[in-house]
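Secondary and tertiary structure notes
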Amino acid sequence: MNNLKLGVEVVGAHNLMPKDGQGSSNAFVELHFDHQKFRTTIKEKDLDPVWNESFYFNVSDPNNLPNLALDANVYSNNKSNQSKSFLGKVRITGTSFVPYSDAVVLHYPLEKRGIFSRVRGELGLKVFITDDPSIKSSNPLPAMESFLHANSQRTQAQSSMRQAPNFISDPFSNDKGGSRRTFHHLPNPNHHQQQPQFADAAIQQPVAYGAGEMRSEPQAPKIVRMYSDSSLQPAEYALKETSPFLGGGQIVGGRVIRADKPASTYDLVEPMHFLFVRVVKARELPTKDVTGSLDPYVEVRVGNYKGVTRHFQKTKDPEWNTVFAFSRERMQSSVLEVVVKDKDLVKDDSVGIVRFDLHEVPRRVPPDSPLAPEWYRLEDRKGEKRKGELMLAVWIGTQADEAYPDAWLSDAATAVDGSVPSANIRSKVYHSPRLWYVRVNVIEAQDLVLAENTRFPDIYVKAQIGNQVLKTKPVQTRTMNALWNEDLMFVAAEPFEDYLVLSVEDRVGPGKDENLGKVFIPLNSVERRADDRIVHSRWFSLQKPSSTDVEETKKDKFASRLHLRICLDGGYHVLDESTHYSSDLRPTAKQLWKPSIGVLELGILNADGLHPMKTRDGRGISDTYCVAKYGHKWIRTRTIIDSLNPKYNEQYTWEVYDPATVLTVSVFDNSLLGDKDSNGQKDMKIGKVRIRISTLETGRVYTHSYPLLVLHPSGVKKMGELHLAIRFSCTSTTNMMYIYSRPLLPKMHYVRPLTAMQLDMLRHQAVNIVAARLSRAEPPLRKEVVEYMTDADSHLWSMRRSKANFFRLMSVFNGLFAVIKWFGEVSMWKNPITTALVHVLFVMLVCFPELILPTVFLYMFLIGLWNYRYRPRSPPHMNTRLSYADAVHPDELDEEFDTFPTTRNPDLVRNRYDRLRSVAGRIQTVVGDIASQGERVQALLSWRDPRATVIFLIFCFMAAIVLYATPFQVLALAAGFYVMRHPRFRHRLPSAPLNFFRRLPARTDTMLIGPKDIQLTPVVLWQPQGLPNSSRGIDDVVRARRLKIMIRVATHGGVTLVDHLGPNTPPITEYSNEVQAPASVVEPSS
């Protein structure tokens, strides 16, 4: 029996519009849900009415609950004419309903009913769902009830109020042990997922509902909606929308419902309170050693957590200027102790101590000025004043404090007995270096000096910048001059610290080259350009090959010289990530940058259900941090140690210059905090999220829980969920619309385009340069992190990705295939009425051809309007079905995770090569068939088949006469009616033109095909239950027809597949990993 009910508590309204002509209103609320209607009592002469009345609706179909909506209409009762005036409405969709334990009172702004409606104010509602059988639904109002029944309304409201205590007794009774109630039967599976939120944001509830008990612990926002790009996407891998309480208020459906308190600067994260302690310096510290020296440092201790500054040697007036931040959630003490100690080899001595009562620490909220530090006299353990003073500043603030990014964080560190290097756990903002393309045009060399004159030299030029090495083509010359005129492209980063080194070399023999001279050119002296203007060439004198120092270039020169044209190309965008998900498309030269079109704000809230990535003290743990990249700006959150549900609550902003860009956010495990031998000292990837800016609506706040999906050798695996809040604010809508008409890449990519091979090589070099620069920061952003964020290895071969791209291509053409199928049914008169209507439409379009294009564009316009109802409400996310990750074979995954070059055993590599040959054989056959059709078209006029060409020429001459004498509309009508003729006028045999075309000669008979020794070996790839082992021979193919068994006929150098084993069996599209060589089709009767 269905006991599911929707409970609605109408708390009150605020600042309503006066409607009675006397500056007031007689307000009441009508509730509509699932064909049921309830009404509150009327509050006379009150613009801020308070009802505190509860109603319960029956839910007829729990599975349809997300598609229902609750409508709350506020009216004013007019006693004079027994009518009602509209004051506003609130509509709450079914995806926002939560269980009672998670429900809070929300004040919804009243909305208009029409264009000319005048409304204002807010309506406070508490909406929840329950399956408590002891609760009875309220009595719905009759359909034609009037205001004459006001007394019955009051009686009904009072009876519904009396039912409320019965509802409360169950979820909060003592026998429950204070546990929260979970509704496991809810139709929307998202309601089982929870995300953290602030308990402070809960609004005061009526006493009857036990609000104090609800606020005893932080409540989690409910997942209110789930989206999936495909209906076949598993629910656990789908995106989930949440409604968390953030700094600006609660997020419901992308809108911010403001709280009573003012919004902070960090309005996309939950406010987290920290105790900040700034240790500035000390003076006149007493000595503790016999020698009179002092090595002071400061230890800040709060409960079980402590922070330590660095120590200074032999000084009484040290200066630290270090900030510590202790999370208030983890503090278990009310006293702050700041101890000055003397560093010693055996035991550190205490110099003095300063104590603070945490209840008396002031609060600071930016933009207040920073708290000024003060001098405090040191005390001993007994509280007596001692010599020496310490300058401190102590305050309570949030992560919006400017001291937060550089502070030592207690929530990112272990307890007192743990040692964590603070440099590796701190949050950081990085800026990747500005990258330039270096174009080296090697023109010629003159007056080369050879060691031997007994042969013609084979000259080439080798150019090198850092680890990048390129060579020109070798040129054989009979003189001592060589000409190349060849371009070499490199990647360089500012500031330019490297040299461009060019060496002219002579290939003496295999593996033996002789250096004829070198040139050292500093990159900071190379000319820069932002367009394709010609750069003047220069002659450079070669240095003797024995010289290795740059300074020797000026004094060690000889007659040989090299002609070069070198420039730094700033008109290109240096690609360090794929163009499909690039985060920046601007050119290198800043003078070519356009103004920004908006601001992207990202709030990294928390992660849930992370998998342990390592072990410590015999238990699985994770020390996680997040990395986000957009444009040149990289951010790294602080590392949360020993937590599988870390809370980051860090907010960052980026300027947006192009909407066709992608924000990338990843989660990693910090391996530097683990054992020395764990994970090979590499930060392990936990998952990645990509968000395309063009899919975000302007001004809307997207709060979603993103599943962290990682592809392992065993298959796709969910490593947890990452909770993000994203908002894109557009500063200029006109500029953003104009950008859609501009080229995706800068002008130089089209004026002087680079080849695909060059772009791939340059992208690889750019990733290496960025990784090298960021790895030298503090804390370092390691190379494996940069490569994972930029997908450095995405260009390598993968059978899984090849299949996924093939199915993507098929899905693109699904619409065309559907139209072709529909037209085939029309032509076959499957539905005579539809065929007749198509004939009428065809006649109209032929008679009035000027209507064709308007009809097509109007049809597309109407389709777009229709699809607006089904538009995606969330950013797209990783789709396992689209990626073909849920049905991939383990051997294909093992091949994808193999290194390049391969490290697998030769037998396995041979099998994979044979499988690749089989796939390539199919592609080879398709390409050959397409070429054959084109050759048949060429054969029409090539006289390769004289009789066919004569027939075609006669047809062309007759067709020219007929087309000249007959109007085009008549021919079009005749052709259309012929194509759509009735089946009784059709023949099963192919038409004469098709037969004529198929008889035309192709060039396949002139191609060489190597003979192959075929040896048949029957192998059963799959056998259904109940099939005897004897049914494994080729002779049993016909007998296996009804069993639809797949049998492979293996050959030496070739493969034959039994492709149709029954009249309704679809063709085989997936093959075993053991399939070898090209495949063909053998009919079952063979």
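Rules used throughout
- Residues numbered from 1 in each chain as written.
- Predicted model: local features only at pLDDT ≥ 70, side-chain atom pairs only at ≥ 80, totals over all residues.
- Heavy atoms only, no water.
- UniProt positions renumbered as here; feature names shortened; annotations may be inferred.
- Core = buried A, V, L, I, M, F, W, Y, C linked by side-chain atoms within 4.5 Å.
- Buried < 20%, exposed > 50% of the residue type's maximum accessible area, 1.4 Å probe, protein only.
- Helix = DSSP H or I, 4+ residues; strand = E, 2+ residues; numbered from the N terminus.
- Contact = heavy atoms within 4.5 Å.
- Axes fitted to C-alpha atoms, helices over the stretch in contact; angles between N-to-C directions.
- Parallel < 35°, antiparallel > 145°, perpendicular 65-115°, else oblique.
- Left-handed = near helix turned anticlockwise from the far one by under 90°.
- Salt bridge = Lys/Arg side-chain N within 4 Å of Asp/Glu carboxyl O.
- Pairing = 2+ DSSP bridges.

The chain is annotated in an unreviewed UniProt entry as C2 domain-containing protein of Escallonia herrerae. What UniProt states about the chain under its Function (unreviewed entry) heading is, verbatim, "May function as a signaling molecule by regulating the trafficking of other regulators." The Subcellular location (unreviewed entry) comment attached to the chain in UniProt states, word for word, "Membrane".

Among the nonpolar cores identified, the biggest contains 64 residues, and Leu 600, Leu 602, Trp 634, Trp 654, Leu 722, Leu 724 and Ile 726 are the most heavily contacted of them. With 7 residues, the single largest contributor to this core is helix 5 (residues 756-774). Each residue touching Leu 722, except ones within four places of it in the same chain, is listed here: Ile 604, Asn 606, Ala 607, Cys 626, Val 665, Val 667, Val 689, His 704, Ser 705, Tyr 706 and Leu 708. The next biggest cluster of nonpolar side chains, apart from the first, holds 36 residues, and it includes Ala 27, Leu 65, Val 90 and Ile 257.

Orientation of helix 5 relative to helix 6 (residues 783-790), taken along the N-to-C sense of each, is 140°, at an axis distance of 9 Å. Considered as vectors, helix 5 and helix 6 are oriented oblique to each other. Where helix 5 crosses over helix 6, the two elements pack in a sense that is right-handed. In this structure, helix 5 contributes Arg 763, Val 767, Asn 768, Val 770, Ala 771 and Leu 774 to the contact, and helix 6 contributes Lys 783, Val 786, Glu 787 and Thr 790.

Attention now moves to the pattern of salt bridges. Applying the stated criterion to the full structure yields 54 salt bridges. A salt bridge links Glu 241 to Arg 700, with the shortest nitrogen-to-oxygen separation between them at 3.9 Å. Taken as a pair, Glu 241 in strand 10 (residues 239-242) and Arg 700 in the loop between strand 41 (684-692) and strand 42 (701-712) lie far apart in primary sequence, 459 residues in all. Arg 700 matches Glu 241 in its accessibility class, with the two residues each being buried. Residue Arg 355 pairs with Glu 337 through a salt bridge whose shortest N-O separation is 3.9 Å. Note that Arg 355 is positioned in strand 19 (residues 349-357) and Glu 337 in strand 18 (residues 335-342), a separation of 18 residues in sequence. One network of salt bridges, in which partners are shared, links Asp 891, Asp 894, Glu 895, Asp 898, Arg 904, Arg 912 and Arg 915.

UniProt records the feature "transmembrane region" (unreviewed entry) for residues 806-824, 836-866 and 950-979 in the present numbering. In residues 950-979, helix accounts for 93% and strand for 0%; the two terminal C-alpha atoms are 27 Å from one another.

Spatially, 4 strands are ordered 4-1-8-7 in an open sheet, and the strand pairing comes out antiparallel. The open sheet is flanked by strand 4 (50-58) and strand 7 (106-109), the only strands paired with a single partner. Strand after strand, the sheet turns through a mean of 30° between neighbouring axes, direction not considered. Here strand 1 (residues 5-14) pairs with strand 4 via 7 bridges, running antiparallel. Bridge pairing in strand 4 places Leu 6 opposite Phe 57.

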